[in-house]
Amino acid sequence: MPVATPPVELIPEPHLLVGEERLREASGGRTAHIYPATGQPTGDVLLAGPAEVDLAARRARKATAVWRAMPPHERRDALLRLADLVLANAEELAALTTIEIGLPRQLADQTPRLAADFLRYNAGWLDKIGGEVVPAWPLRALDYTLDEPYGVVGLIVPWNGVLVAMGQLLGPALAAGNTVVVKPPPLAPFVALRVGELALAAGIPPGVVNVVPGDAAAGEALISHPEVDKVHFTGSAATARRVLAVAAEHLTPVGLELGGKSPHLIFADADLRFAARLAMTGAVALSGQGCANGTRVLVEASVYDDVVATLTARLRRIPVGDPLDPKTMMGPVVSEAACQRILDTVARARDTGAGKLVLGGERLGGDLAGGFFIGPTVFVDADPTSELAQEEIFGPVLTVAPFRAEDEAIELADSTRYGLGAYVHTNDLRRAHRVSHALRSGSVWVNGAPGVLPSAPFGGVKQSGSGRIGGISGVREFLRPKNVWISL
Ligand code: NAD
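Note that the structure is a prediction, hence the values are computed from the model and not measured. (Residues numbered from 1 in each chain as written. Predicted model: local features only at pLDDT ≥ 70, side-chain atom pairs only at ≥ 80, totals over all residues. Heavy atoms only, no water.)

A. Fine view of the domain arrangement of the protein. Under the domain assignment, the protein is made up of domain 1 (8-258 + 465-487) and domain 2 (262-452). Distance between the C-alpha centres of domain 1 and domain 2: 30 Å. With 24 residues of domain 1 at the interface, the matching set in domain 2 holds 26 residues. Between domain 1 and domain 2 the total buried area reaches about 1,800 Å² when both faces are included, carbon and sulfur atoms providing 63% of it. Among the residues of domain 1 in contact with domain 2, P36, Q106 and W159 are the three that bury the most area, contributing 25% of the side total. Counting every contact that joins domain 1 to domain 2 gives 0 salt bridges. In this structure, the connection of domain 1 to domain 2 is made through 5 residue pairs in polar contact (both at pLDDT 80 or more). Elements supplying a minimum of two residues to the side of domain 1 that touches domain 2: β3 (30-35), α3 (90-101), α4 (105-108), α5 (111-126) and α9 (237-250). Per-element accounting of the side of domain 1 that touches domain 2 gives the leading share, 3 residues, to α4. Here the residues of the side of domain 1 that touches domain 2 sort into 14 nonpolar, 7 polar and 3 charged. (Domains from an automatic or database assignment. Contact = heavy atoms within 4.5 Å. Buried area = accessible area lost by both parts, 1.4 Å probe. Salt bridge = Lys/Arg side-chain N within 4 Å of Asp/Glu carboxyl O. Polar contact = N/O pair within 3.5 Å; in protein donor to acceptor, adjacent residues only side chain to side chain. Helix = DSSP H or I, 4+ residues; strand = E, 2+ residues; numbered from the N terminus. Nonpolar A, V, L, I, M, F, W, Y, C, P; charged D, E, K, R; others polar.)

Next up, the structure:
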C-alpha cells in the first residue's frame, strides 16, 4: 500500500508568533517542510532572523511585568487552561506531530496527554514558590531568600517531540514567572506555533509566549540578545559546543539537555523476555531518535545468545511503515540528511568490523522508497571502543555486547562520554541498588521504564548536559534566589 498523504490542511500559514501578532514576513527567509514518510513537501516554513528574534525578545521583556503582576492563582489557572486546551486540541496536535516528524499516529496520540500532564504538574508549583529564611546567627538580622524568575528565557528546542518539550519547558519556565521566546527548528515548527496560539487562547497575556522558528542564526541571535536572561538548550552535544561559545561572549546562563548513548544492562537473573522487549524499543521508539533511547545493549555472557535471539526475532516483527496506519509502530527517520548520516555510520561500522550486522542496515524500498525509512538494525559482538558503540547515532541502530561480571557491566555502561539514562534488568534487589548508585547517569530505570515523568528530574551527566527538567528541579532551573538581609 502506498504511504497515505497526511492532512496538510492543518498546517498553519507560514508565520512567527510575537506577542499577539502573527508576522508573515521574516528576514530568515523560507524553507519547505518535507513529510518524512514520503519525501514530499507539505508547506512552507517562515524562518526568523536576528531582526525577528530581537522583536520577540523585546516583546517578552515587556510582558515580564504583566506576567509577574498577575496573582499566582490566576497564572496557575491560565497554565491549567493551557493544559486543557492541549487536550481539547489533541487530535490536531497529534496529526501535526505526525506531519512534522513522521511519528506514527499511535505514538503521536500519546503526546498531548504527556504535554498536558507536564503543564498541570508545573502549574501546581506556581503558587508554592517562595523562598527560605537563612540563619544569620550571631548577627541581629533577618536574612531570607526570594525565589525570583530570570526574566526572559530563550527555549531552543530540537525537532524530536516538540509538543512534549513544550510541556516540559513552558510548564516550569512560566510557573517560575518567566516569559519565553521559543525557537523550534525548521524541521518541526508547526506544533510549537499552535501551542503558542493556545497559550493566548488560555488567557496567558500576549508576549509571555513567543514562538520564532529558525535555524542556527536565530538560535545564536537569541543567546546573544541583551534582553535574554537565560537560555535552555535541548539538542546535540555538537551544537551545544557552539551554543556555549556564543553564550561565553555574552555571559548568558545556559541549561543543557543533550544527547545520549544509554545502555541496557541485562543480568542473567532478569526477566529476559521483558528485558529484550524493552531493549528493542531503543531502536523502535521514535525510530531510534529519542535522547534517552537505550541503544547499547549489554548482556551477561551466560544468556547472551538467548537475549540476542529474542531481541532480533521481535524486531523482525515490528510493523514499520506508513505513520498514518494505526498498526505502524515505527516510522521514518526525520530527513534525507539523517537517513544518509545513519546509513553512512552503518557502512563505516561494517567496513571497520565494529560489529556483526545481523539485522537491517538498509534503506527500505517498495512503497516506502520515497520516504526516509531504515529498518531496525542490530550489530552484535560490537566493539565497545568503536564509533558504533560510542557515538549517538540517532537512528534505529542497536549494538549488543556481552559482559561477564557486574563490575565489567558498569565499566562498559560508563565507557562513553554520555550519561543520560541507563536501564538495569535484574531480580537481585541488592544488585539493583548497587548498580543504580554506581552508574554515572542522570536517570536509572530498573526492570521497566515509565518514559519521562512530570514529577521526576530528568537530565544528564557528563556530555549529556547539566540542566534538569521535571520535578521541583525543573522549576528551579528557571528560578534564581535573591538574598535579602535586614538588620534588626
Ligand atoms: P541540534 O543540536 O541539531 O538542534 C537543536 C536546536 O538547536 C534546534 O532548534 C536547532 O535549530 C538549534 N541550533 C542549531 N545550531 C544552533 C546554533 N549555532 N546556535 C543555537 N541554536 C542552534 O539537535 P536536533 O537534531 O534538533 O535534536 C537531536 C539532538 O537533541 C540529539 O542529540 C538528542 O539526543 C538531543 N535531545 C536531547 C533531549 C534531552 O532532554 N536531553 C531531548 C531531545 C533531544
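There is more to say after this.
B. Expanded view of the site of the ligand. Lining the immediate environment of the ligand, one finds 27 residues, of which V157, E220, T239, L258 and E392 sit closest. Interatomic distance of 3.1 Å between a side-chain N/O atom of W159 and an oxygen atom of the ligand. One of the side-chain N or O atoms of S236 is found 2.8 Å from an oxygen atom in the ligand. For the ligand, whose free accessible area comes to 850 Å², the fraction covered by protein is 87%. When contributions to the shell around the ligand are tallied by element, the ones reaching two or more residues are α8 (216-223), β10 (230-234) and α9. With 4 residues, α8 is the largest single contributor of residues to the shell around the ligand. Counted by class, the shell around the ligand contains 14 nonpolar, 8 polar and 5 charged residues. (Near = heavy atom within 4 Å. Areas by Shrake-Rupley, 256 points an atom, 1.4 Å probe, with all protein chains shown as cover.)

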